[in-house]
Amino acid sequence: MFYDFLLSPERADEQGLVAVGGDLRPERLLQAYRRGVFPWFDEDGPILWWSPDPRAIFELDGLHISRRLRRTLGSGKFSVTFDQDFAGVIRGCAARPAQGTWITADMISAYEKLHALGHAHSVEAWHDGKLAGGLYGVAVNGLFAGESMFTSVRDASKVALASLMERLRERGFRLFDIQFRTEHTTRLGAIEIPRAAYLKRLREALRVAVTFT
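Residues numbered from 1 in each chain as written. Predicted model: local features only at pLDDT ≥ 70, side-chain atom pairs only at ≥ 80, totals over all residues. Heavy atoms only, no water.

Participant: For the sheet that holds strand 6 (residues 120-127), give the residues involved together with the corresponding values.
Facilitator: Two pairing modes exist for strands in a sheet, parallel and antiparallel, and in both the strands are linked by backbone hydrogen bonds. One open sheet accounts for seven strands, arranged 5-6-7-8-9-4-10; its pairing is mixed. The open sheet terminates on both sides in strands that have one partner only, identified here as strand 5 (79-82) and strand 10 (191-193). Direction aside, neighbouring strands of the sheet carry axes that sit 35 degrees apart on average. Packed onto the sheet, helix 1 (residues 26-34) meets strand 7 (130-140), strand 8 (143-151) and strand 9 (175-179) and runs at close to 75 degrees relative to strand 7. (Pairing = 2+ DSSP bridges. Helix = DSSP H or I, 4+ residues; strand = E, 2+ residues; numbered from the N terminus. Axes fitted to C-alpha atoms, helices over the stretch in contact; angles between N-to-C directions. Contact = heavy atoms within 4.5 Å.)

Spelled out as structure tokens, the structure:
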């Protein structure tokens, strides 16, 4: 039997693995996010729960916007919406062969349930009436945990990210978690902080009563 008390960052090994097993029920997922833990696994293995050290975040005023992206943002090339096509966004994020298969059918089902409950959210970038890119994540009080993004038209996901950052600032969010840093997110301004610092900021964010919508 898998117990929620196992979802504790203090249990993490050197790689950041906290626990193995369990399920993806909404209440378990939300409990994990509140504790600084998240699921990440492939379709052939068990559910794995992580709390890496260091932890990657975006500071809410830390997005690097290039001159070209700034021109794109001002051009009106893309229109941006929130929570209008969560299913399309999460499936767009899953359909990236180079990124592996960690967004499994079970993960899609679990996060669609979170979306229906008002905890998971999507940002959509549209071009010529079609979904061109976007991202999704989970909001818990003042925490927004970004999960994944995709683009099928150049800069669409960056436009979605810039729009998300603006919304998080406007709504009073305190922490934008992105779990692991990549070359792509580093170019956009992502940084790493020690797990202990992340957990301190997480506790502060959870005390803030804000909503995404």
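The discussion continues.
Participant: So what's going on with the pattern of salt bridges? Which residues, and what values?
Facilitator: Between side chains of opposite charge, pairing is possible as soon as their charged atoms come close. If you walk through the whole model with that rule in mind, you get twelve salt bridges. Glu-112 is the partner of Arg-91 in a salt bridge, and the nearest nitrogen-oxygen pair spans 2.5 Å. In this pair, Arg-91 sits in helix 3 (residues 86-94) while Glu-112 sits in helix 4 (residues 105-116), placing the two residues 21 residues apart along the sequence. Lys-200 serves as the salt-bridge partner of Glu-204, at 2.9 Å between the closest nitrogen and oxygen. Of this pair, Glu-204 and Lys-200 are both found in helix 7 (residues 195-206), four residues apart, which corresponds to roughly one turn of the helix. Owing to a relative accessible area of 31%, Glu-204 belongs among the partly exposed residues under this scheme. Classification of Lys-200 by relative accessible area gives partly exposed; the value is 47%. Through salt bridges with shared partners, a single ionic network connects Asp-23, Arg-25, Glu-27 and Arg-28. (Salt bridge = Lys/Arg side-chain N within 4 Å of Asp/Glu carboxyl O. Buried < 20%, exposed > 50% of the residue type's maximum accessible area, 1.4 Å probe, protein only.)

Participant: Help me get a handle on the packing of aromatic side chains, residues and values and all.
Facilitator: Throughout the structure, instances matching the rule amount to ten aromatic pairs. Judged by centre distance (5.0 Å) and plane angle (50 degrees), the ring pair of Trp-40 and Phe-180 falls under tilted. Taken together, the residues span a long stretch of sequence, with Trp-40 in the loop between strand 2 (38-39) and strand 3 (48-50) and Phe-180 in the loop between strand 9 and helix 6 (183-187) at a distance of 140 residues. By way of ring pairs, the aromatic residues Phe-58, Phe-82, Phe-144, Phe-173, Phe-176 and Phe-212 are connected into one cluster. It is Arg-55 that lies over the ring of Tyr-198; its NZ or CZ is 4.1 Å from the centre. Positioned above the aromatic ring of Phe-212 is the side chain of Arg-167, whose terminal nitrogen or guanidinium carbon lies 5.5 Å from the ring centre. (Phe/Tyr/Trp six-rings, centres within 6.5 Å; stacked < 30°, edge-to-face > 60°. Lys NZ or Arg CZ within 6 Å of the ring centre and 35° of its normal.)

Participant: Hey, could you go over the environment of Glu-10 for me, with residue numbers and the actual values?
Facilitator: Tracing the sequence through the fold places Glu-10 in the segment before strand 1 (17-20). Linking Glu-10 and Ser-51, residues 41 residues apart in sequence, is a C-alpha distance of 8.8 Å. Polar contacts involving the side chain of Glu-10 include one to the side chain of Ser-8, which spans 2.4 Å. (Polar contact = N/O pair within 3.5 Å; in protein donor to acceptor, adjacent residues only side chain to side chain.)

Participant: Pulling in residues and values, what's your account of helix 4?
Facilitator: For helix 4, which comprises twelve residues, the first-to-last C-alpha distance of 17 Å matches the rise-based estimate of 16 Å (1.5 Å per residue) to within 8%. For helix 4, every residue scored as buried is listed here: Met-107, Ile-108, Ala-110, Tyr-111 and Leu-114. Projected down its long axis, helix 4 shows its buried positions confined to an angular sector of 165 degrees, all on one face. Away from the buried face of helix 4 by more than 90 degrees, exposed residues Ala-105, Asp-106 and Ala-116 are located. Close packing links the buried residues of helix 4 with helix 1, strand 2, helix 3, strand 6, strand 7 and strand 8. Once helix 4 ends, the next one or two residues include Gly-118, with phi positive near 90 degrees. (Expected span 1.5 Å × (residues − 1). Arc of directions from axis to C-beta.)

Participant: Please give an account of the pairing of strand 8 that cites residues and values.
Facilitator: With respect to burial, strand 8 is a largely interior element, eight of its nine residues being buried. Both strand 7 and strand 8 contribute to a ladder of eight bridges, which runs antiparallel. By the bridge assignment, Val-138 is partnered in strand 8 with Ala-145. Hairpin connection, strand 7 to strand 8: the antiparallel pair is bridged by two residues, and Asn-141 has positive phi, about 50 degrees. In the sheet, strand 8 pairs with strand 9 via three bridges, with the strands oriented parallel. Across the sheet, residue Leu-143 finds its bridge partner in strand 9, namely Leu-175. Once the chain exits strand 8 it traverses helix 5 (residues 156-171) before rejoining the sheet at strand 9, and the crossover so formed is right-handed. (Right-handed = clockwise from strand over helix to strand, strands pointing away.)

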